Every structure is written in structure tokens, then in C-alpha cells.
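Each chain is listed here by its residues.
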Amino acid sequence: MKFTDQLWKEIEPIYKAILELPFITELTAGILPEEVFLFYLKQDTLYLADFSRALSLAGVRSQGSDHMNSFFRFAADVAVVEGQLHEEYYREYGVAMDAEKSPSCFAYTNFLLSTATTKDNVISIAALLPCFWIYREVGLEIYKQASKHNPYSDWINTYAGEDFNEGVNEAISITNAVAEQEPEYRREQMSDAFVKSTELEWMFWKSAYEQEQWPLREAYNFKG
Ligand SMILES: Cc1ncc(CO)c(N)n1
């Protein structure tokens, strides 16, 4: 069994829980409130900037130019392709990107960046994989069931599309290639990082649906 098959087995219950989140079921049905989608989109803009940074760091720290080039390309694609998708929605809805990171977004991006800077690069690679893989699986699942006139179809098509799929396959194959060179204890650390990122994916969607705020802001009028 491939290392990544083992990884997916580990997170299967979390993946199922993601599919049951109201954010996902309502997005699929096209009835997710616009306000919630916009909250998500703004958080995701903030997320993607750091995701792109963490991908670049994985590139810098990779052995060999193949993996280096892949990570740099991922970093650039995230910034450009997904950035454009967000920009189009902001234009369509006539809103500005004016958010600060929610606690869950903060937790996720800090996990990726601290892993990318203080842990072995293979652990960082494993931490980055759910960002690709979960989105593809969720994207395909939503695509299969999505209502015809869905206001979020551009978002759905991006993650269910062939370009995204190719990047995901590449990230999976890199993870298997680097894991093969590692001792068992390191593969366990990779697995822990993979599970942690998947949990954070679940939290990210849940927190977007709830429009999560910093708990003390309103009571004390703090500025973040
Ligand atoms: C939170 C999150 N994870 C993964 C992706 C896919 O790039 C995304 N756009 N947002």
C-alpha cells in the first residue's frame, strides 16, 4: 500500500465529517448565504497568501530540482489562479477584501508556516498535502451533486477541474517519493502533520459557516 493510501485511511472519518458540514451541504445545494460565502472567501484570501509562502519554503528546502520546481509552481499557481477566482467574486459582489484572520484561519496558517520553518521538510510536505487533496475530493463530491444554477459554480469548477487535479496528483506523488526515503518514526511524524492539517481544514469550513470572531473583540473593543 502506498504511503499516501495509508494517510487517506487515517483521515477518512474527518473527510466524512467535512462532507456533512452545513457549509458544504449548503454550498452544494447553492443555498449557502452570500454573507457566509464572502466571509469564507476573505479568510481564504488570507489563508492562500500563507499557503503560498509555505509552499515556497518547501521548494527552497527540497532536495533536487524536480521537487523544487513543483513547489515553486504550486506557490505561484495558488497566488495567481485562486487569487483571480477570489477577485472575481469580490468584483461580482462589490465588496473589498477587508478582513483579518479568524482564530481558525490563524491556527491553520501558523501551523503551516511554523512546520515549514521549524520542522523537517518532509513533515512540511505532509502538512501541505491535505490543502490539495481534501479540496479535490470535496470539490469532486460537490461537483457530482451540485445544483444546476449554483452561484458558486466557478469555485466548484476550480477544485473539480483538471488543472487542479494534476497538481494534486503531483503533490501526492512527491509525498510518496520523499516518504520512501524516511525511517518509520519520521513517517509517523508526517502522518501526524497530515492529520492535523485535515482537522484544520474541517475547522476552517466550520468557522467560516459560523463567521468566527476573536472572542474578546466586542467586549473590550480591541484592535487586532
Ligand atoms: C483552507 C484552504 N485549504 C486548501 C485550499 C486549496 O488551495 C484552499 N483554497 N483553502
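All values derive from a computational prediction rather than experimental measurement.

So, about a negative patch on the surface. Residues Glu34, Glu87, Glu88, Glu92 and Asp154 make up a contiguous surface patch of negative charge. Sorting elements by how many residues they give to the negative patch places helix α4 (residues 65–93) first, with three residues. The class for Glu87 is partly exposed, based on a relative accessible area of 44%.

With that out of the way, let us pick up the side chain of Arg136. Residue placement: Arg136 occurs in helix α6 (residues 121–145). Judged by relative accessible area, which is 9%, Arg136 ranks as buried. Among the polar contacts made by the side chain of Arg136, one reaches the side chain of Asn169 at a distance of 2.7 Å. Once residues lying within four places of it in the same chain are set aside, the contact partners of Arg136 are Tyr159, Phe164, Asn165, Val168, Asn169 and Ile172.

What follows is about the packing of helix α1 (residues 3–19) against helix α9 (residues 184–209). The N-to-C vectors of α1 and α9 enclose an angle of 20 degrees; their axes lie 10 Å apart at closest approach. When the axis of α1 is compared with that of α9, the two are roughly parallel. For α1 against α9, the interelement crossing comes out right-handed. For the pair α1 and α9, contact is made by Phe3, Leu7, Trp8, Glu10, Ile11, Ile14, Ala17 and Ile18 and by Arg187, Met190, Ser191, Phe194, Val195, Thr198, Glu199, Glu201, Trp202 and Trp205, respectively. In terms of residue class, the contact of α1 with α9 is made up of 12 nonpolar, two polar and four charged.

It is worth spelling out the site of the ligand at this point. Near the ligand you find Asp44, Tyr47, Leu48, Phe51, Glu82, Cys131, Tyr135, Tyr159, Glu201 and Phe204, and these make up its full shell. A distance of 3.5 Å separates a nitrogen atom of the ligand from a polar side-chain atom of Tyr47. Here a nitrogen atom of the ligand and a side-chain polar atom of Tyr135 are 3.2 Å apart. Notes on the ligand: free accessible area 280 Å², of which the protein chains cover 99%. Put simply, the parts of the chain that give the shell around the ligand at least two residues each are α3 (34–60), α6 and α9. When its residues are assigned to classes, the shell around the ligand shows seven nonpolar, no polar and three charged.

Rules and cut-offs
Residues numbered from 1 in each chain as written. Predicted model: local features only at pLDDT ≥ 70, side-chain atom pairs only at ≥ 80, totals over all residues. Heavy atoms only, no water. Patch = residues over 30% accessible without salt bridge, like charges linked within 9 Å, V, L, I, M, F, W, Y side chains within 5 Å. Areas by Shrake-Rupley, 256 points an atom, 1.4 Å probe, with all protein chains shown as cover. Salt bridge = Lys/Arg side-chain N within 4 Å of Asp/Glu carboxyl O. Lys, Arg positive; Asp, Glu negative; His and termini not counted. Charge placed at Lys NZ, Arg CZ, Asp CG, Glu CD. Helix = DSSP H or I, 4+ residues; strand = E, 2+ residues; numbered from the N terminus. Buried < 20%, exposed > 50% of the residue type's maximum accessible area, 1.4 Å probe, protein only. Polar contact = N/O pair within 3.5 Å; in protein donor to acceptor, adjacent residues only side chain to side chain. Contact = heavy atoms within 4.5 Å. Axes fitted to C-alpha atoms, helices over the stretch in contact; angles between N-to-C directions. Parallel < 35°, antiparallel > 145°, perpendicular 65-115°, else oblique. Left-handed = near helix turned anticlockwise from the far one by under 90°. Nonpolar A, V, L, I, M, F, W, Y, C, P; charged D, E, K, R; others polar. Near = heavy atom within 4 Å.

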